[in-house]
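Observations on the model geometry
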Amino acid sequence: MSEPINLSRRGLIRGLGTGAALAAAPAWARGANLSEQATGLIRAGFDEVRGPVIDLSVGAGMRMVQGRRGRGVAVNGSVPGPLVRLREGQNIRLNVTNHLDEDTSIHWHGLLLPFQFDGVPGVSFPGIKPHQTFTYEFPVRQSGTYWYHSHSGLQEQSGHYGPLIIDPVAGEPVRTDRDYILLLSEFTPLHPKFIMQRLRTGEHYFNRQLPSWTDKYPMIGEERRMWAQMRMSPTDIADVSAPTYTYLANGRGPKEGMEYLFTPGEKVRLRLINGGAMTYFNVRIPGLAMTVIAADGQNVRPVEVDELQIAVGETYDVVVEPRGEEAYAIVCESMDRSGMALAMLASRPGARAPVPALREPPLLTMADMGMNHGPSDGCQAGTDHGGMDHGGMDHSAMGHAGMDHGAGKAGTGDGGQAAPKGASGHSMKGMPMRDISLLPPDVAIGPGLDMVSMAPVDKLGDPGLGLRDVKHRVLNYRMLSALEPNADTREPSRLLEIHLTGNMERYMWSFDGRMFDAVSDVPIRFAWKERVRVKLVNNTMMAHPIHLHGMFFELVNGQPPAHQPRKNIVTVQPGASATFDLTANEPGDWAFHCHLLYHMHGGMMQIVTVMGPGDKP
Amino acid sequence: MSRPALAALALIGSALASAPGLAQDHSGPGHDHGAKVPPREAAPPAPAQPQVDDGEDTAPQSGGNEISPGPTMETPPPPEAGSGPPRAADAIWGADVMAAERHREHAAHGDFPVLWVQADRLEAQVRDGADGYLWDLQVYYGGPTSRFWFKSEGEGAFGEKIEQAEVQVLWSGAVAPYWDLQLGLRQDIAGPDTTHAVIGVQGLAPYMFEVDAALFISHRGDVTARVEAEIDQRITQRLILQPRVEAGFSLQDIPQLGIGAGLDKVELGLRLRYEITREFAPYIGVEQSWRVGGSADYARAAGEKTRATSFVAGLRFWF
Ligand SMILES: [Cu+2]
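Residues numbered from 1 in each chain as written. Chains lettered and ligands numbered in written order. Predicted model: local features only at pLDDT ≥ 70, side-chain atom pairs only at ≥ 80, totals over all residues. Heavy atoms only, no water.

Regarding the interface of chain B and chain A
- Taken together, the contact pairs 99 residues of chain B with 110 residues of chain A.
- Buried surface at the junction of chain B and chain A, both sides included, amounts to about 8900 Å², of which 56% is carbon and sulfur.
- On the chain B side of the contact with chain A, B:H109, B:Y178 and B:R278 bury the most area, a combined 8% of that side's loss.
- For B:R104, the salt bridge goes to A:D103, with nearest N and O atoms at 2.7 Å.
- The interface formed by chain B and chain A holds 38 residue pairs in polar contact (both at pLDDT 80 or more) in total.
- A total of seven residues in the side of chain B that touches chain A trace back to one element, the largest contributor, which is helix 3 (residues 95-107) of chain B.
- Residues of the side of chain B that touches chain A, tallied by class, amount to 52 nonpolar, 25 polar and 22 charged. (Contact = heavy atoms within 4.5 Å. Buried area = accessible area lost by both parts, 1.4 Å probe. Salt bridge = Lys/Arg side-chain N within 4 Å of Asp/Glu carboxyl O. Polar contact = N/O pair within 3.5 Å; in protein donor to acceptor, adjacent residues only side chain to side chain. Helix = DSSP H or I, 4+ residues; strand = E, 2+ residues; numbered from the N terminus. Nonpolar A, V, L, I, M, F, W, Y, C, P; charged D, E, K, R; others polar.)

Next comes the structure, spelled out in structure tokens:
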């Protein structure tokens, strides 16, 4: 393409990994028919496509990762699919051809566009039928790091996703020498429908870190009995994990040598994209600080951290300056620490840094049930020392002597807002785990609701499960501040409270106690340009990355309204709340859901309807 | 934008918000400890760097950006938000096309059916006298709160006629997060031909006991009941010890079945299984059973033992 590229060309990634030729993309990568190759092996890594018209083809094939084979769905024959490289201000036409025997779709995650091109079957369009081509067409109104993925069935798990980058018209706010994509995801040889079935039929099928007589978890007998009494497990951190999953960096397993070259002293931009179906990753580069410059594609004021947790569907752009060592490991542990995705920053091809062993798996605590009775001395959100008051309840905070008061302390405030002292929650026995009187009347009470958070507090300052007590600086949402001021800083005119609800045992997930099939005709409605404050309250023991299509919202994270960070995904921590402001200025019907794929299919999905300027109520 | 109605609602909202005890979750201004941005030559020309001292209130960054408490009480959407189902796509792609797709899509997000088949016990029993066998199967098909359930249990001695066997066909509906109510029919397929109406509960009790309790009313009017409970004790990730208890009750003597009124029989079992995969686990174990009360009398009269100790070896599988 003749369009000028503002970005440093030198390091522009293909994500091809060691020794891969940066040759011109083969014919199929430019959108040629894939069907003859349907029996061939799907490649790991991706090429790049750009221009005013881009052809993409979705096909099936076999994937092979570290010797394990499985059926895959790929865009243009690779997993991840090709990097779609756009430029702010251009008009784009994307022709997507479906070579599968089932419907497919592409959702452009984080993009502002007319809703009919958002790509959610049954909500924004009818889907793309087998062997048909659908054309998406829209002006590109933004810039940053995004991605795309299927919204049909469970294809996303099988490999139907890829990175999408939009170069800004005005140039990047941060000059870097190299610019790389690190797209995290999972591979499994299992069919995703099998995974969904096993999650519904139970027995913690994918968890190999369950409490047992011989585990090494720092829990006393009383705690173990308490969890059993509650019919819950402190190890419900990830529903699907290794070894079922092999965690991937740009489609490559940890042993498959994904590397990014650098010259000492250079500034390297890493565009982190979590394209996984179910996995929160904790990302760190031992020996290197990371400066976060963008979140969900939107620039933020630079903030330096040593580790960050990236929720499913989120993107973070970080800048690192490797020097001194000949290689650095980019360690991306799954949140439950059952495995990791791995890549290397290498000063020469083949240079390798030592890879730290997986850290001990975290455990859920009473704080994750919304039982926040900590002392109000300003200790960190989520760390919730409260548990320690009753004899080792808060096992995950064992290392509290070294409690992180650096980065993490951004969460101050929360401790002070904890539940009333002397609340009944202090007693382990007879604890009201499901006190439905705490719920507003619009939450449906039924078997799909197994827990009610006792005293949900805002935990935007929580760095995430497993990172609450690490000794280095960890990112949390309160540290994010929008670089370019927000356009609309009006005071929200109303509050909308949405409760995240579920039943782990039945694997039902919902908003306000109703699964999607029950509310698909009762959307969440906003008036044109209405400004609403939305409070999400998590009545489950799992973290949920809640995603709104078509619009950015601004996290109410303590920043002034003009600099509340714009995001399209927010993690609501277990038993806690999270709040955002939204200006409903994109008319149409938009999907709103948990970005954990099997939670969405388990029912945690809704439709947000924004009235257009000319629509009659 | 501000309409009188909205303003009024907002006012009411903030008035209510000042009521004590309301959980307020926007915790004020940012406390940006640690969010220190080192001066970097590449740092963009931010309009104002965040104040990153330990902070009390972070000063507003620019005029008109005061942090406000915002609305704290939920209020309904304004009439301008419209009503009715989401149908924006109909106008673009056609209502017919969308309707079909919508139906399909909705059904896939939430209440879709799954099939589950489990042989909890499929075993040989070695004991004094004739060695025997036992099966205990369950199948369900349906969504997370409403299912068709099929159960079958039976046992016998090798080389003899089946001692006892039954099938149950039930509808199972969730009545609580961990409990299903089950209604249906049971047909005994060994011994005297008997049909029972079944009403039962099945689910997970506190401390993770799996419980299955049912009341049976036979076509002859006899009322019996059975309670089973088992619990998985995980020794390692694959080695699991399962204590199990089963008790039978009867409201009346049923001579033709050798059942006396009251507690009829009790079984205590202990099985140790090894999960080669989650679905496939061979086990060994021991089981002790007693006939009790009137049933014991019937047994003695028939020259049978009232108690038996069995060593068992079997297979637990599901899919
Ligand atoms: Cu979720």
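Here's the deal with helix 2 (residues 192-201) of chain A
- With respect to burial, helix 2 of chain A is a largely interior element, eight of its 10 residues being buried.
- Considered for burial, the residues of helix 2 of chain A that qualify are A:P192, A:I195, A:M196, A:Q197, A:R198, A:L199, A:R200 and A:T201.
- Where the residues of helix 2 of chain A are buried, they touch helix 1 (155-158), strand 24 (508-511) and helix 5 (597-601) of chain A together with strand 1 (114-127), strand 2 (132-142) and strand 13 (307-318) of chain B.
- Positive backbone phi, approximately 100°, marks A:G202, located one or two places after helix 2 of chain A. (Buried < 20%, exposed > 50% of the residue type's maximum accessible area, 1.4 Å probe, protein only.)

Section: the nonpolar core
All names here are of chain A.
- By size, the foremost hydrophobic cluster in this structure holds 154 residues, and its most contacted members are W108, Y136 and Y598.
- Composition of this core by domain shows at least three residues from each of domain 1 (26-170) and domain 2 (436-610).
- Counting 14 residues, the second-largest nonpolar core is a separate cluster that includes F46, V65, I165 and I273. (Core = buried A, V, L, I, M, F, W, Y, C linked by side-chain atoms within 4.5 Å. Domains from an automatic or database assignment.)

Things to note about empty space enclosed by the protein
All names here are of chain A.
- For the structure on display, the rule yields 15 cavities of 30 Å³ or more.
- By volume, the largest cavity is sized at about 190 Å³.
- Forming the boundary of the largest cavity are 14 residues, of which L199, G202, H204, Y205 and M504 lie nearest the centre.
- Partitioning the lining of the largest cavity into residue classes produces six nonpolar, three polar and five charged. (1 Å grid on protein atoms, 1.4 Å probe; cavity = no way out; pocket = protein on both sides within 12 Å on 5 of 7 lines; lining within 4 Å. Points joined across faces, edges and corners; volume = space filled by probe spheres on them.)

Observations regarding the sheet that holds strand 24 of chain A
Residue and element names in this part refer to chain A.
- Taken in spatial order, the six strands make up an open sheet running 24-23-26-31-28-29, and their pairing is mixed. This sheet does not close on itself; its edge strands, each paired only once, are strand 24 and strand 29 (566-567).
- In this structure, strand 28 (residues 553-555) lies alongside strand 29, joined through two bridges in antiparallel fashion. Across the sheet, the residue bridging to F553 is K567, located in strand 29. (Pairing = 2+ DSSP bridges.)

Considering a nonpolar patch on the surface
- Residues B:F148, B:W171, B:L183, B:I199, B:L215 and B:I217 make up a contiguous nonpolar surface patch of about 540 Å² in total accessible area.
- With respect to the element layout, B:L183 can be found in strand 5 (residues 179-188). (Patch = residues over 30% accessible without salt bridge, like charges linked within 9 Å, V, L, I, M, F, W, Y side chains within 5 Å. Areas by Shrake-Rupley, 256 points an atom, 1.4 Å probe, with all protein chains shown as cover.)

A word on the pairing of strand 9 (residues 133-139) of chain A
Residues and elements named next belong to chain A.
- Alternating positions in strand 9 separate cleanly, F134, Y136 and F138 being buried on one face and T133, T135, E137 and P139 remaining unburied on the opposite face.
- Relative to strand 9, strand 7 (residues 91-98) runs antiparallel, the two sharing seven bridges. The residue bridging I92 from the neighbouring strand is F138, located in strand 9.

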